[in-house]
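Chain by chain, the residues run as shown.
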Amino acid sequence: MIMPRLFFILLILLMPGLMSSYAQKFSTYKTEFQGAEYRVDPRIELFNIVCMLFGHNGMTQHNITYKQQALDRFSPYKKHPVVDSVLNTFRKGWTIDDPVFFMLCLDKKFKLREGLSHEQLSRGGGAGRLQELARLFQDFVLKTGFDDWFNNTQRPFYQQVIAETAYNFRSFGPVRPLEAYFGERHRSYTVILNLLSGYGNFGRAFAGRGSSDLYAVVETTSASAGRPVFTPSISVFNLIVHEFGHGFVNPALDPLIAGADAYSWLYEPIAGDMKRAGYQSWRSTVYETVVPAIVCRIARITFGEEFARKNFYNPTVARGFIYADVIINKLREYEACRKQYPDFRSFAPELLTVFASVKKEDIDFMLKKIDSIRKPVVDRIPKPYDFARNNSTFFILGTHEPDKQAESAMHAWVKKYRDVISGDSPLITDDEALKLDLRGRDLVVFGTPAGNFLLKRYMSQVPVVIEQDGISANQKIAGQNLQLVTSWPNPADSKKTMVIYTAQQTADIVNFHYSPNKDQYGYWIAQNTITLDRGEYVNHCGIWTCDPSR
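Described in the following lines is the structure provided in the data block. On a predicted model such as this, the values are computed, not experimentally measured, just so you know.

**Comments concerning the side chain of S392**
By the secondary structure assignment, S392 is in the loop between α17 (360-373) and β8 (393-397). A polar side-chain atom of S392 sits 2.5 Å from a polar atom in the side chain of N390.

Printed below as a string of structure tokens:
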């Protein structure tokens, strides 16, 4: 009788420790500024590690040392039942965002809290199955020592990621523009740095009393020295505003969305593009059209009309969201009548009436717009060195520069430059070029977009934007005397090259020959030939744009 009693006493004494093992306390790695918190989340890291154990192909492609360390540390636990359970849940219907939303619905004790929709519960196999999956994650943490890995082993790594993120994002502030546009505030805004992911970015809102906690889960954008790097590029601005934007838009549209069902026939013309993007219904398409349309408007306020068109609007339409135009036109009414509509919720019923204005005969025009935005249809964008050094190449001078003295100096330099690198190439003016058939020709163009009329006609096709206060590619480089060398297919013949030597000021279109770097990249931004930014053009969302991963 003594042994059972002793065992019972020991069990009572040990029970608090056992219970605390199931409610691990995880260290906090975060930084906060301009209204948003940026942090590493143990639930997301845990999910990715489990996914790696069954060979999920969506992990980051970057060479991150942390990835190999995680595989080495947790590979002995490949047979833990949570691994097969997660894999089978994918096989039974989890879509790309379901698992991330599921993990965010786990509390500190790995209990499943409310927040998943009926459809998400159904795709996961029902509430009971997902509760069991949560228990398996909890058991995996207990048996593998994941909490010690997160709290101690990787502490220096997480702290370094947070420190670098704090430095990179110190001037980044998407929260205030969102609140100003929607006319309301939420309780919190959290950006989760998804260190191992390479399969997407996600947004989630958890309702509170009068406001919500908004989350944006962002994947790694690049890596350096074996570490994931998060930088406030234009693409990161886009995804964070987009994901937080759902926290404003969805609650406003939810009570009204059934009224949009009358226009569900509008889904059919774009069903292919929508399904490839993961939007399987008209209702989900409505949400996913309204949110990027609003992002376009916020981008216009933040970055200017031309930059927003090239980097936000064009990719939206190119992905098949052809109804963005009617949404944007309606949003202009909201922006002009903020006294009548103090917040987005008050305008939402009016916004959804726009679908009644779309006629069947309008859709062909909208679809053609996709094709127009996706031009040029080429396999690659040429580099600035990709032109023939013979008489088939035209060197084209701007002759309408406002500073005539600077124009003369530019002309003199271009002649010397042409003589050195391509002496047989004809030197012609922009006015002459506009009268010629430029097919079969490489073009090397010199002048500002205002002073070279050929460039003025075609510069809008190039993703880089030149403005008075800077030059913008995937980020804005501020300055007054910036230079740009870039290249693009010849607008008259996509098999040929158009090289552009330009700047904010005519006087700065000189001395490019001093730089050995100017021709090596899709675009090169400099001041006095000192490189400030450079990058490549990539085909993203069906259009050529500055590499969004930079």
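Don't stop here, the text continues.
**Details of the packing of aromatic side chains**
The tally for this structure, following the rule as stated, stands at 51 aromatic pairs. Summarising the aromatic geometry, the rings of Y181 and Y334 are spaced 5.5 Å apart at their centres and angled 65° between planes, so their arrangement reads as edge-to-face. You can see Y181 sitting in helix α10 (residues 175-182) and its partner Y334 sitting in helix α15 (residues 324-336), a full 153 residues away along the chain. Ring geometry for W488 and Y537: centres 5.3 Å apart, planes at 85°, overall edge-to-face. Remark: Y537 occurs in strand β18 (residues 537-540) and W488 occurs in strand β14 (residues 482-490); sequence separation between them is 49 residues. The exposure classification of W488 matches that of Y537, with both residues buried. Every member of this aromatic cluster is reached through a ring pair, and the members are F26, Y29, Y66, F74, Y77, F110, F140, F146, W149, F150, F157 and Y158. Of note, R170 hangs over the ring of Y167, and the distance from its end group to the ring centre comes to 4.0 Å.

**With respect to the pattern of salt bridges**
Tallied over the entire structure, the rule returns 30 salt bridges. A salt bridge links R309 to E306; the nearest nitrogen and oxygen atoms lie 2.7 Å apart. One end of the pair is R309 and the other is E306, both in helix α14 (residues 305-318) and three residues apart, which spans about a single turn. With its nearest N and O atoms 3.3 Å apart, the salt bridge here joins E407 to K404. Of this pair, E407 and K404 are both found in helix α18 (residues 404-421), three residues apart, which corresponds to roughly one turn of the helix. Among the charged side chains, a salt-bridge network with shared partners connects K30, E37, R39, D41 and R43.

**Some words on the sheet that holds strand β15 (residues 493-503)**
Strand order across the open sheet formed by seven strands is β9-β8-β10-β15-β14-β16-β17, with mixed pairing between neighbours. On the outer flanks of this sheet lie β9 (427-429) and β17 (530-535), each paired with one strand and no other. Averaged over neighbouring strand pairs, the angle between their axes works out to 20° when direction is ignored. Bridge count for strand β16 (residues 523-527) against β17 is five bridges, and the pairing is antiparallel. Following the sheet pairing, Q527 is matched in β17 by I530. With respect to the sheet, α18 is in contact with β8, β9, β10 (442-446) and β15, its orientation differing from that of β8 by roughly 165°.

**A word on the side chain of H242**
Inspection of the secondary structure assignment puts H242 in helix α11 (residues 234-253). Those residues in contact with H242 that sit more than four places away from it in its chain are E288, V291, P292 and V295.

**Notes on the sheet that holds strand β13 (residues 476-478)**
The sheet built from three strands is open, its strands ordered β11-β12-β13 with antiparallel pairing. Here the strands that pair on one side only, and so sit at the sheet edges, are β11 (465-467) and β13. Taken pair by pair, the neighbouring strands of this sheet meet at an average axis angle of 15°, ignoring direction. One ladder, built from three bridges, connects β11 with strand β12 (residues 470-472); its direction is antiparallel. Its bridge partner being in β12, V465 is matched across the sheet by S472.

**Topic: α14**
At F312, α14 is deflected by roughly 30°, the largest bend along its length, and proline P315 occurs up to four residues later in sequence. Taken across its 14 residues, α14 has 11 buried, putting it largely inside the fold. Every buried residue belonging to α14 is among F307, A308, K310, N311, F312, Y313, N314, P315, T316, V317 and A318, and all of these are buried. Where α14 terminates, the next one or two residues include G320, which has phi positive at roughly 105°.

**Description of the packing of α11 against helix α13 (residues 282-303)**
The N-to-C vectors of α11 and α13 enclose an angle of 125°; their axes lie 8 Å apart at closest approach. Considered as vectors, α11 and α13 are oriented oblique to each other. In the packing of α11 onto α13, the handedness of the crossing is right-handed. Residues I234, F237, N238, V241, H242, H246, V249, N250 and L253 of α11 touch α13, and the partners they reach there are Y287, E288, V290, V291, P292, I294, V295, I298, T302 and F303.

**Let's talk about helix α2 (residues 42-53)**
If you check α2, its first and last C-alpha atoms are 17 Å apart, about what 12 residues at 1.5 Å a residue would give, namely 16 Å. Among the 12 residues of α2, 12 are classified as buried, and the element is accordingly described as predominantly covered. Those residues of α2 that fall on the buried side of the exposure criterion are P42, R43, I44, E45, L46, F47, N48, I49, V50, C51, M52 and L53. Downstream of α2 by a residue or two, G55 has a phi angle that is positive, lying close to 90°.

**Let's talk about the packing of α2 against helix α7 (residues 127-144)**
At a closest axis distance of 12 Å, the pairing of α2 and α7 adopts a crossing angle of 90°. Regarding the angle of α2 to α7, the classification is roughly perpendicular. In this structure, α2 uses L46, F47, V50 and L53 to contact α7, whose residues at the interface are F137, F140 and V141. The class makeup of the residues in the contact of α2 with α7 is seven nonpolar, no polar and no charged.

**Topic: the nonpolar core**
Counting 127 residues, the largest nonpolar core has F102, F137, Y323 and F344 as the members making the most contacts within it. At 12 residues, the largest contribution of residues to this core is made by α13. What F344 contacts, discounting residues up to four positions off in sequence, is F182, F248, V249, A252, V290, I294, L331, Y334 and L351. Grouped together as the second largest cluster of nonpolar side chains are 28 residues, I396, L438, L443 and W488 included.

**Regarding the environment of K30**
Relative to the assigned elements, K30 resides in strand β1 (residues 29-33). Given the relative accessible area of 44%, K30 is considered partly exposed. Note: C-alpha distance between K30 and A166 (136 residues apart in sequence) is 8.8 Å. Side chain to side chain, K30 and E37 meet in a polar contact 3.5 Å long.

Reading the values: rules and limits
Residues numbered from 1 in each chain as written. Predicted model: local features only at pLDDT ≥ 70, side-chain atom pairs only at ≥ 80, totals over all residues. Heavy atoms only, no water. Helix = DSSP H or I, 4+ residues; strand = E, 2+ residues; numbered from the N terminus. Polar contact = N/O pair within 3.5 Å; in protein donor to acceptor, adjacent residues only side chain to side chain. Phe/Tyr/Trp six-rings, centres within 6.5 Å; stacked < 30°, edge-to-face > 60°. Buried < 20%, exposed > 50% of the residue type's maximum accessible area, 1.4 Å probe, protein only. Lys NZ or Arg CZ within 6 Å of the ring centre and 35° of its normal. Salt bridge = Lys/Arg side-chain N within 4 Å of Asp/Glu carboxyl O. Pairing = 2+ DSSP bridges. Axes fitted to C-alpha atoms, helices over the stretch in contact; angles between N-to-C directions. Contact = heavy atoms within 4.5 Å. Bend = angle between axes of the 7 residues up to and from the residue. Parallel < 35°, antiparallel > 145°, perpendicular 65-115°, else oblique. Left-handed = near helix turned anticlockwise from the far one by under 90°. Expected span 1.5 Å × (residues − 1). Nonpolar A, V, L, I, M, F, W, Y, C, P; charged D, E, K, R; others polar. Core = buried A, V, L, I, M, F, W, Y, C linked by side-chain atoms within 4.5 Å.

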